[in-house]
Amino acid sequence: MEKAVVLLSGGLDSATTLAIACNRGYECHAFSVDYGQRHRSELEAAKKLARSLGASDHKTIHVDLSAFGGSALVDKFSPVPTGGTDTGIPVTYVPARNTIMLSLALAWAEVLKSRDIFIGVNAVDYSGYPDCRPEYIAAFEQMANLATKAAIEGARLRIHAPLMEMSKAQIIRQGVVLGLDYSLTVSCYQADEAGRACGVCDSCRIRRAGFESADVPDVTRYRSWVRL
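Remember, it's a predicted structure, so these values are computed and weren't measured experimentally.

Caption draft 1: The overall build of the protein chain, seen in detail. Each helix and strand counted, the protein chain has seven helices and five strands in total. Walking the protein chain from its N terminus toward its C terminus, one meets helices and strands in the order β-α-β-α-β-α-β-α-α-β-α-α. The C-alpha radius of gyration of the protein chain comes to 17 Å, within 12% of the 17 Å expected for a compact globule of 228 residues. By its C-alpha atoms, the protein chain is 55 × 40 × 30 Å across when sized along the principal axes. Within the protein chain, counting contacts between residues at least 6 apart in sequence, those at least 24 apart form 74% of the total. Accessible area of the protein chain: about 10,800 Å², with a carbon and sulfur share of 51%. Separation between the mean location of the 25 positive side-chain charges and that of the 25 negative ones in the protein chain comes to 3 Å.

Structure, rendered in structure tokens:
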């Protein structure tokens, strides 16, 4: 059984990616990053998902990006947008986040002698994040194969982004087919300590629209005051 490192934030997309990797027969090593995100309940969700989906192990690394700021997701004084999605790169973009996460996953993959890293980026419902595009993933894979001992010795690395061309509805349908319990996931940018969603941030809006479009019951746990 080949080993794979799977980036697992605790959200809908990363959970579906882990389910896909497990279904493809990989021995999955789930990898989360505590980067100082304000929605910290997603890290608890990641633990539950790793156990539920049968990951071989689950590692969480601490890298405090809140020391830099520059994003509403790590700066508690910057409000998370709640007025609906807009064009351009949103204030919830975290500078270099995917590059940092993939680099850490790359280091672990090399130690594990794994040639495969899975990440749940998406170019359809990607909310304007530049590090979720296919050209970025291709460029990182090329860099990884220039920069690692394993690749130089012939063990070329592959970055898998199975959700890249899928709509949110297609992602949800895929997860349902694989038996994924979406009630365990936390996608909200300002989820409370119990993981309950606000229902109005960009991530909540995209997620809810995905469930509606997929014609799948929305199992998201919302705060008591949220009106849908």
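Caption draft 2: Quick peek at the pattern of salt bridges. One pass over the structure, following the stated rule, counts eight salt bridges. One salt bridge in this structure joins Arg 158 and Glu 2, with 3.5 Å as the shortest N-O distance. With a gap of 156 residues between them, Arg 158 in strand β5 (residues 158-160) and Glu 2 in the segment before β1 (3-7) connect regions that are remote in the sequence. According to the relative accessible area criterion, Arg 158 is partly exposed, its value standing at 37%. A salt bridge links Glu 44 to Lys 47, with the nearest nitrogen and oxygen atoms 3.2 Å apart. Here Glu 44 and its partner Lys 47 are both found in helix α2 (residues 41-52), three residues apart, which amounts to about one turn of the helix.

Caption draft 3: Structural detail: the sheet that holds strand β3 (residues 57-62). A sheet is described by the order of its strands in space; here five strands give the open sequence β3-β2-β1-β4-β5, paired in parallel fashion. The outermost strands of the open sheet, each flanked by one partner alone, are β3 and β5. Taken over all neighbouring pairs, the strand axes of this sheet differ in orientation by 25° on average, direction set aside. Two elements, strand β4 (residues 116-118) and β5, share three bridges in a ladder whose sense is parallel. Paired with Asp 116 across the two strands is Arg 158, which belongs to β5. In this fold helix α1 (residues 12-23) packs onto β1, β2 (27-34) and β4, with an angle of close to 170° to the strand it touches most, β1.

Caption draft 4: Structural context of the environment of Thr 16. Within the fold, Thr 16 resides in helix α1. Once the C-alpha coordinates of Thr 16 and Leu 180 are considered, the two residues, 164 residues apart in sequence, prove to be 7.2 Å apart. Not counting the four nearest positions on each side in its chain, Thr 16 is found in contact with Leu 163, Ile 171, Gln 174, Gly 175, Leu 180 and Tyr 182.

Caption draft 5: Focus on the packing of aromatic side chains. The tally for this structure, following the rule as stated, stands at five aromatic pairs. Residues Tyr 26 and Phe 118 carry aromatic rings whose centres are separated by 5.2 Å and whose planes lie at 70° to one another, so their mutual orientation is edge-to-face. In this pair, Tyr 26 is assigned in the loop between α1 and β2 and Phe 118 in strand β4, connecting sequence segments 92 residues apart. Of the residues examined, Tyr 26 reaches a relative accessible area of 15% and is grouped as buried. Relative to Phe 211, the ring of Tyr 182 lies with its centre 5.9 Å away and its plane at 85°, an arrangement referred to as edge-to-face. Here the residue Tyr 182 occupies a position in the loop between α6 (168-177) and α7 (202-214), and Phe 211 occupies one in helix α7, the gap between them amounting to 29 residues. The same class applies to Tyr 182 as to Phe 211, namely buried.

Caption draft 6: A look at helix α4 (residues 134-147). Here α4 is 14 residues long and its end C-alpha atoms lie 20 Å apart, about the 20 Å a rise of 1.5 Å per residue gives. Within the sequence span of α4, burial applies to Tyr 136, Ile 137, Phe 140, Ala 144 and Asn 145. Seen end-on, α4 carries its buried residues on one side only, within an arc spanning 165°. Facing away from the buried surface of α4 by more than 90 degrees, the exposed residues are Gln 142 and Leu 146. Along its buried surface, α4 packs onto α3 (97-112), α5 (149-152) and β5.

Analysis parameters
- Along each chain, the written sequence defines residue order, and numbers are assigned to residues from 1.
- Thresholds applied to this predicted model are a pLDDT of at least 70 for local features of residues and 80 or more for the giving and counting of side-chain atom pairs; totals over whole chains, interfaces and linings are not thresholded and use all residues.
- Each side-chain value is worked out from all heavy atoms of the structure, with water and hydrogens disregarded.
- For the purposes of this entry, the term helix denotes a DSSP run of H or I that reaches at least four residues, the term strand denotes a run of E that reaches at least two, and both are numbered from the N terminus.
- In this treatment the radius of gyration is a C-alpha quantity, and the globule benchmark scales as 2.2 Å times the residue count to the 0.38 power.
- Here a residue-residue contact requires only that any non-hydrogen atoms of the pair lie within 4.5 Å.
- A 1.4 Å probe and the Shrake-Rupley method give the accessible areas. Residues count as covered only by the protein chains that appear here.
- A positive count includes Lys and Arg, and a negative count includes Asp and Glu. His and the chain ends are not counted in either.
- For this purpose, a charge sits on NZ of Lys, CZ of Arg, CG of Asp or CD of Glu.
- For this document, the term salt bridge refers to a Lys or Arg side-chain nitrogen within 4 Å of an Asp or Glu carboxyl oxygen.
- Only protein chains enter the accessibility calculation, which uses a 1.4 Å probe; a residue is then buried when its area is under 20% of its type maximum, exposed when over 50%, and partly exposed in between.
- By the convention used here, strands pair only if DSSP detects at least 2 bridges between them.
- Think of each axis as a best-fit line through the C-alpha atoms, taken over the contacting stretch in the case of a helix, with angles from 0 to 180 degrees between the N-to-C directions.
- In summary, the pairing rule links any two rings of Phe, Tyr or Trp, Trp by its six-membered ring, whose centres are within 6.5 Å, and it sorts them by plane angle into stacked for under 30 degrees, edge-to-face for over 60 and tilted for everything else.
- Expected span, for any helix, means 1.5 Å times one less than how many residues it has.
- As used here, the arc is the angular range of directions from the helix axis to the C-beta atoms.

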